[in-house]
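# Analysis of the macromolecular model
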Amino acid sequence: GTSAQAYDELAVYLQEAPAAIAIYMVEVHDGRDIARAVASRFGVRHESPQVLVLRHGQVRWHGSHWHVNVAEVDRAVTAATRLVTTKTGESPAEGA
């Protein structure tokens, strides 16, 4: 199903992601309270599967279901990194 495919996509992304990027996964069936707290804290509706790209505590992108794939997550992370570079003059490595 969708969740298994999203999990597989994230596994690929985790292998390819820059080391400077912190990635966390909440297993909803074991952490429903955590999933609800994350949704509440960041002001997004909880969906599963779901990815949130955060930068300095702000949601820069979130996607669920078929949007949880290597291409879209990588594009969102790249855009969040560029946002920091553009606003602060940091290089992506410094701002990651």
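To be clear, the structure that these remarks concern was listed above.
Rules behind the numbers
Residues numbered from 1 in each chain as written. Predicted model: local features only at pLDDT ≥ 70, side-chain atom pairs only at ≥ 80, totals over all residues. Heavy atoms only, no water. Helix = DSSP H or I, 4+ residues; strand = E, 2+ residues; numbered from the N terminus. Buried < 20%, exposed > 50% of the residue type's maximum accessible area, 1.4 Å probe, protein only. Polar contact = N/O pair within 3.5 Å; in protein donor to acceptor, adjacent residues only side chain to side chain. Contact = heavy atoms within 4.5 Å. Pairing = 2+ DSSP bridges. Core = buried A, V, L, I, M, F, W, Y, C linked by side-chain atoms within 4.5 Å.

## Details of the side chain of Ser64
Take Ser64: it is sitting in strand β2 (residues 58-64). Relative accessible area serves as the criterion here: at 11%, Ser64 is assigned to the buried category. Separated by 3.0 Å, the side chains of Ser64 and His65 make a polar contact. Contact partners of Ser64, with chain neighbours within four places excluded, come to Glu47, Pro49 and Gln50.

## A closer look at the environment of Trp61
Positionally, Trp61 belongs in strand β2. Sequence separation between Trp61 and Val73 is twelve residues; the distance between their C-alpha atoms is 8.7 Å. In this structure Trp61 touches Val51, Leu52, Val53, His67, Glu72, Val73 and Ala76, once residues within four positions along its chain are discounted.

## Notes on the pairing of strand β1 (residues 50-55)
Only one face of β1 is covered, namely the face carrying Val51, Val53 and Arg55; the face carrying Gln50, Leu52 and Leu54 is uncovered. Here β1 folds back onto β2, and the loop between the two strands holds two residues, one of which, His56, carries a positive phi near 50 degrees.

## Brief notes about the nonpolar core
In terms of nonpolar packing, the biggest core is built from twelve residues, these being Ala6, Leu10, Tyr13, Ala17, Val51, Val53, Val68, Val70, Val73, Ala76, Val77 and Ala80. Only α1 (2-16), β1 and α3 (70-88) provide two or more residues apiece to this core. For this core, the element with the highest residue contribution is α3, accounting for five residues. Apart from the residues lying within four places of it in its own chain, the contact partners of Ala6 are Pro49 and Val68.

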